[in-house]
Amino acid sequence: MKKVLALLLTVAMSVACLSTLAACGGGEKADPVAALITLHGTSSTYDKNFIDAFKTACANKGLKKSQYTVKSDVGESNACYDTAADFADKGYKAIFADSFGHEAYMIQAAEQFPDVQFYHATGTQSLTKNLPNFHNAFASIYEGRYLAGYAAGLKLNTMKDKAVENNFQVGYVGAYTYAEVISGYTSWFLGLQAALDEGYTATMEVQFTGTWYDEALEKEAANTLINRGAVLVSQHADSMGAPTACQEESIPNVAYNGNTEKSTLVAYSKINWVPYFEMMIDKALGGASVDTDWTGTLSTDSVQWALGANVAEGTLAKVQAIEAELKAGTLKVFDCAKFTVGGEHLTSYLADVDGDYVGEKNVIITEGEVTYFAESYYRSAPYFDITIDGVTLLNTKFGD
Amino acid sequence: MAESKVREPLFHVVKREGLPIWKTLLVYAAAIVGGLLLVSIFCAVCSEDIDNPLEMFSSMFDGAFGTERRIWIFVREGALLLGVSLALLPAFKMRFWNLGANGQIVISCLVCYSIMNWANTSETPIPNAIVVIMIILFGVGAGIVWAAIPAVFKAFFGTNETLFTLMMNYIAQGLVTVMITIWAPTGSGSLSPIKNYGLPNVINEHFLAILTISLITVFIFFYLAKSKHGYELAVVGESEKTAKYAGINVKLVTIRTLILSGAICGIVGLLITGGISHSVSSVSHNNMGFTAIMTSWLAGFNPLITIATSFLITFISLGMGQVRQDFGFYNDAIANVALGIVYFFIIACHFFINYKLVFRNSKHLEEKMGITTVGGEKGKKGGNG
């Protein structure tokens, strides 16, 4: 027995020694530059999109592996502040957090470390907080969704046997009933309607899960929609739940955050964070400042889309034509002439732009002939939160 | 083999007694290091960035002790986990399986946040001193109520406390979700911290928690080891009938012990919301209620050893946080795998501390020494999970 103990002790000692050596022999140490904080890990399509873009941007800017880091699975709690402050302690110059609920904790860290730049996706407070080192960013992803919806509409034109009295019923799995999601499905639905052949209409049912990531719930929600008659389904939630349900039921699916590689995939849109991360890294390396509140667009390559395997013939050229119109500004996604609310066209609407949950800013703009809802214009984070005609919410979910 | 009439098994499991303490500690240390070595090999195999398994150890130490802030966080998180473990100890010693620490913590967090939110949104300015008194009273009170309800039902109606306390967790977490919906109607389900109100900072935001838990540790040690209450709850744990015939009021002891358990969980909740996060979410408990089951069980319900197990588990989870960054794991699953492997090694070595294997050819020697052989008692102490 003593021999065994002696042996184990020797192993323990040698491990301790070697690990000390390993700590010293780290090789060249370059200054840390950029750090990313994500709510979940790579199993979530939302966070994976950030992580992949972050690694790409760091590689593009020639950062060494010791100069950037990613901490995944950081909750929307004090853990976010602890992590951000820890990165600042370690000398990272640019710290980015990817989830809405991280914002308050990033602001707390930003106040404490004025020499470090803090960046936050989907947040709403940078304009009102007015801290020089705290930034919000988002993209006009509603344009990407409109294009993906357009591809879905073209697909429906090839499925006319599925229409009931010339109406297609489609389904949408949403995470929460708030602007980011509402803006997303409305733009998607408007794109879809725009592509339908003359004489055909569409209605949409939306089922919310009340979580950003729950594979079983999202799958169940998609199945509910399919059982209620949806002939095509899209989603704004981060697991593969809905795409998997669609594949099993052979229902065409439109995705978000990236390619699902399913045979039923019609199209997907995603936010490409690489341009923003590159700006952020440039600033950390001594470049120009980043806007306090920044909205990426199709033109900055921040909004991307692509077609899947299950697409109708000739879709690519048609969607590209629409994309050109969006880029030129001649087509507006939320053109008030194209949708009604309670049977009426919108002429004014007070949206909550300053993040206090009370609408105060009229966001309906008229430019030339077109009157439209100016989404992501006064602030990067979405504020379109209207239920338009043709959309039925099967439930609502707020909070976690 | 031909000459032996009865075929002997290759080895017997023999009860071991009186292993000196230093040897016991050494076996534990070896088990932990062995478990971590296995984890390190696993990490190195899985990682694209790092091939040397031993770098995991330097990463772990860096994660827990690399900067002043990390040391403070390590001690604070270890202390909070220790606090929850100490809350469970008296209940567990009484064989009352309080699985509701998560709920007891969260309900306290919720009550504290409600009070802070009320003060923060009040028209007339409310001094922080009043808020502090209120969150101490009502926060701790909420923890007590949440633990006492299952205790009363157990004492008077014999309900199953395991299910009851678990159920109370869901109710508490559900209540938090409902309240967040009310406080942040179109938000993402997370509340902004209220920095204007809360417990005063002593030295920094970490120290108050550390100090409080230290005092609780001393208290629980003497409460269990020296007080009449501690003795009574141990007797109830051994046998309710014995306790009854010895004149102990079992109902009273059950409820009293759970009030203590809930109060400590309430204090932990108070420290989290009042002192550290200034906010609440349905996972404010950080799952410590379940982790503490492990730490207190591994410690054999001994408050002093619980200090060691709590800080060990905290070290591994904070250390693995750094390992994930350094090794390029974009998922927290690896930290759970590490904890699982280390738990397994510790539980396995528990067995070897209490029993030993005697092989066939050394059998006669053992008989000469008069050691009894036990059969079929493997893993008796390892059955948690």
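Criteria and thresholds
Residues numbered from 1 in each chain as written. Chains lettered and ligands numbered in written order. Predicted model: local features only at pLDDT ≥ 70, side-chain atom pairs only at ≥ 80, totals over all residues. Helix = DSSP H or I, 4+ residues; strand = E, 2+ residues; numbered from the N terminus. Rg over C-alpha atoms; globule rule 2.2 N^0.38 Å. Buried ≥ 20, exposed ≤ 12 C-beta atoms within 10 Å, placed from the backbone. Pairing = 2+ DSSP bridges. Axes fitted to C-alpha atoms, helices over the stretch in contact; angles between N-to-C directions. Contact = placed C-beta atoms within 7 Å. pLDDT = per-residue confidence, 0-100. Core = buried A, V, L, I, M, F, W, Y, C linked by C-beta atoms within 7 Å. Expected span 1.5 Å × (residues − 1). Arc of directions from axis to C-beta. Right-handed = clockwise from strand over helix to strand, strands pointing away. Parallel < 35°, antiparallel > 145°, perpendicular 65-115°, else oblique. Left-handed = near helix turned anticlockwise from the far one by under 90°. Nonpolar A, V, L, I, M, F, W, Y, C, P; charged D, E, K, R; others polar.

Visitor: I tried to follow the overall build of chain A on my own but got confused; where do I start?
Guide: The secondary structure content of chain A amounts to 11 helices and 17 strands. Here the C-alpha atoms of chain A give a radius of gyration of 24 Å, agreeing with the 21 Å that 2.2 N^0.38 yields for 400 residues. The dimensions of chain A, computed from C-alpha atoms along their principal axes, are 85 × 55 × 35 Å. Per-residue burial for chain A yields a buried fraction of 53% across its 400 residues.

Visitor: Is there a simple way to think about the sheet that holds strand 17 (residues 391-393) of chain A in this case?
Guide: Note: strands within a sheet are paired through backbone hydrogen bonds, in either parallel or antiparallel orientation. All names here are of chain A. Spatially, 7 strands are ordered 12-10-9-8-6-7-17 in an open sheet, and the strand pairing comes out mixed. Two strands lie at the open edges of the sheet, namely strand 12 (303-307) and strand 17, each paired on one side alone. Neighbour-to-neighbour, the strand axes of this sheet turn through a mean angle of 20 degrees, independent of strand direction. Where strand 10 (residues 265-271) lies against strand 12, 5 bridges are found, and the strand directions are antiparallel. Looking at strand 12, one finds that Lys 270 is bridged to Gln 304. Packed onto the sheet, helix 6 (residues 141-157) meets strand 6 (167-174), strand 8 (233-236), strand 9 (253-256), strand 10 and strand 12 and runs at close to 175 degrees relative to strand 10.

Visitor: I would appreciate a short explanation of the environment of Thr387(A) in the present structure.
Guide: Topologically, Thr387(A) is positioned in the loop between strand 16 (370-373) and strand 17. Sequence separation of Thr387(A) and Ser183(A) is 204 residues, and the distance between their C-alpha atoms is 9.4 Å.

Visitor: Sorry if this is basic, but what is going on with the sheet that holds strand 3 (residues 94-97) of chain A here?
Guide: Residues and elements named next belong to chain A. Spatially, 2-1-3-4-5-11 is the arrangement adopted by the 6 strands of the open sheet, whose pairing is parallel. Every interior strand has two partners, whereas the edge strands, strand 2 (68-71) and strand 11 (293-296), have only one. Each neighbouring strand pair of the sheet contributes to a mean axis angle of 20 degrees, computed without reference to strand direction. In terms of strand pairing, strand 1 (residues 34-37) meets strand 3 through 4 bridges, oriented parallel. Counterpart to Leu 36 in the pairing with strand 3 is Phe 96. The strands that helix 2 (residues 45-60) touches are strand 1 and strand 2; relative to strand 1, the one it contacts most, it runs at about 175 degrees.

Visitor: Just checking my understanding: could you explain the confidence of the model for chain A for this structure?
Guide: Atom-level detail of predicted coordinates should not be read off regions where pLDDT is low. Taken residue by residue, chain A gives an average pLDDT of 89. The fraction at 70 or more is 92%. When the criterion is pLDDT under 50, residues 19-27 of chain A qualifies, and its contacts beyond four places in sequence or with other chains add up to 8 contacts.

Visitor: Before we go on, may I ask you to explain the nonpolar core in this structure?
Guide: Formed by 220 residues in total, the largest nonpolar core has its most connected members in Ala84(A), Ile95(A), Ala151(A) and Val233(A). The element best represented in this core is helix 3 (residues 68-93) of chain B, accounting for 13 residues. With residues near it in sequence (within four places) discarded, Ile95(A) still touches Ala35(A), Ile37(A), Ala84(A), Phe87(A), Ala88(A), Val116(A), Phe118(A) and Tyr119(A).

Visitor: What is the right way to look at helix 7 (residues 207-226) of chain B in this model?
Guide: Every α-helix carries 3.6 residues per turn, so stepping three or four residues along brings you back to the same face. All names here are of chain B. In a regular helix each residue adds 1.5 Å, so 20 residues correspond to 28 Å; helix 7 covers 28 Å between its end C-alpha atoms and thus fits that length. Along helix 7, the positions that sit buried rather than exposed are Ala 209, Ile 210, Thr 212, Ile 213, Ile 216, Thr 217, Ile 220, Tyr 223 and Leu 224. When helix 7 is viewed along its axis, its buried side chains cluster within an angular range of 160 degrees and face the same direction. Among the exposed residues of helix 7, those pointing more than 90 degrees away from its buried face are Leu 215, Val 218, Phe 222 and Lys 226. Tucked into the core, helix 7 has its buried residues touching helix 3, helix 8 (228-238), helix 10 (250-277) and helix 12 (303-327).

Visitor: I would appreciate a short explanation of the pairing of strand 10 of chain A in the present structure.
Guide: Consecutive side chains of a regular strand alternate in pointing toward one face of the sheet and then the other. Residue and element names in this part refer to chain A. With 7 of its 7 residues buried, strand 10 lies for the most part within the structure. In this structure, strand 9 lies alongside strand 10, joined through 4 bridges in parallel fashion. What sits directly across from Tyr 256, in strand 10, is Ser 269.

Visitor: Looking at this model, I keep getting lost on helix 8 (residues 215-227) of chain A. Mind explaining?
Guide: Residues and elements named next belong to chain A. Taking 1.5 Å per residue as the helical rise, helix 8 with its 13 residues ought to reach 18 Å, and the 18 Å between its terminal C-alpha atoms agrees with that figure. Within helix 8, burial applies to Leu 217, Glu 218, Lys 219, Ala 221, Ala 222, Asn 223, Leu 225 and Ile 226. Where the residues of helix 8 are buried, they touch strand 6, strand 7 (201-208), strand 8 and helix 9 (241-249). Phi for Gly 229, located one or two positions after helix 8, is positive at around 110 degrees.

Visitor: It is not clear to me how the pairing of strand 3 of chain A should be interpreted in this structure. Could you clarify?
Guide: All names here are of chain A. Neither face of strand 3 is left uncovered, since the one carrying Ala 94 and Phe 96 and the one carrying Ile 95 and Ala 97 both have all their residues buried. Across 4 bridges, the pairing between strand 3 and strand 4 (residues 117-121) is parallel. Each bridged residue has a counterpart across the sheet, and for Ile 95 the counterpart in strand 4 is Phe 118. Handedness of the crossover joining strand 3 and strand 4 through helix 4 (residues 103-112): right-handed.

Visitor: Could you clarify how one ought to interpret the environment of Leu110(B) in this entry?
Guide: Residues and elements named next belong to chain B. Mapped onto the fold, Leu 110 is located in helix 4 (residues 101-121). Sequence spacing of Leu 110 and Ile 133 is 23 residues, and the spatial spacing of their C-alpha atoms is 16 Å. Dropping the residues within four chain positions of it, Leu 110 is found in contact with Leu 175, Val 176, Met 179 and Val 280.

Visitor: Would you take a moment to explain the environment of Ala337(A) for this structure?
Guide: Residues and elements named next belong to chain A. In this structure, Ala 337 sits in the loop between helix 11 (315-328) and strand 13 (350-351). Taking the number of C-beta atoms within 10 Å as the measure of exposure, Ala 337 has 12 and is therefore exposed. Along the sequence, Ala 337 and Val 170 sit 167 residues apart, while their C-alpha atoms lie 22 Å from each other.

Visitor: Would you mind going over unusual backbone geometry with me for this structure?
Guide: Leaving glycine out, the prevailing phi sign among residues is negative, and the prevailing peptide bond configuration is trans. Residues and elements named next belong to chain B. Phi is positive for Ile 203, close to 65 degrees, though the residue is something other than glycine. Judged by the 10 C-beta atoms lying within 10 Å of it, Ile 203 falls in the exposed class. Of note in this structure, Phe 301 is not a glycine but carries a positive phi near 60 degrees. Tracing the sequence through the fold places Phe 301 in the loop between helix 11 (288-298) and helix 12.

Visitor: How should the packing of helix 4 of chain B against helix 5 (residues 128-157) of chain B be read in this particular structure?
Guide: Residues and elements named next belong to chain B. Interhelical geometry of helix 4 versus helix 5 gives an angle of 150 degrees and a closest axis separation of 8 Å. Our classification of the angle between helix 4 and helix 5 gives roughly antiparallel. Crossing handedness for the pair helix 4 and helix 5: right-handed. Mapping the contact onto sequence places Gly 103, Gln 104, Ile 107, Ser 108, Val 111, Cys 112, Ile 115, Met 116 and Ala 119 in helix 4 and Val 131, Met 134, Ile 135, Phe 138, Gly 139, Val 140, Ala 142, Gly 143, Trp 146 and Ala 147 in helix 5. A breakdown of the residues in the contact of helix 4 with helix 5 according to their chemical character gives 14 nonpolar, 5 polar and no charged.

Visitor: How do you make sense of the confidence of the model for chain B when you look at a structure like this?
Guide: Averaged over chain B, the pLDDT score is 88; the fraction of residues at 70 or greater is 91%. Overall fold confidence (pTM) sits at 0.84, and the ipTM for the predicted complex is 0.83.

Visitor: Sorry, what's going on with the packing of helix 2 of chain A against helix 10 (residues 274-284) of chain A here?
Guide: Geometrically, a packed helix pair is captured by the angle between its two axes and the distance between the axes. Residues and elements named next belong to chain A. Running from amino to carboxyl end, helix 2 crosses helix 10 at an angle of 50 degrees, the nearest separation of the two axes being 8 Å. Classified by the angle between their axes, helix 2 and helix 10 sit oblique to one another. The chirality of how helix 2 crosses helix 10 is right-handed. Every residue of helix 10 that contacts helix 2 at Ala 53, Phe 54, Thr 56, Ala 57, Cys 58 and Asn 60 is listed here: Val 274, Phe 277, Glu 278 and Ile 281.

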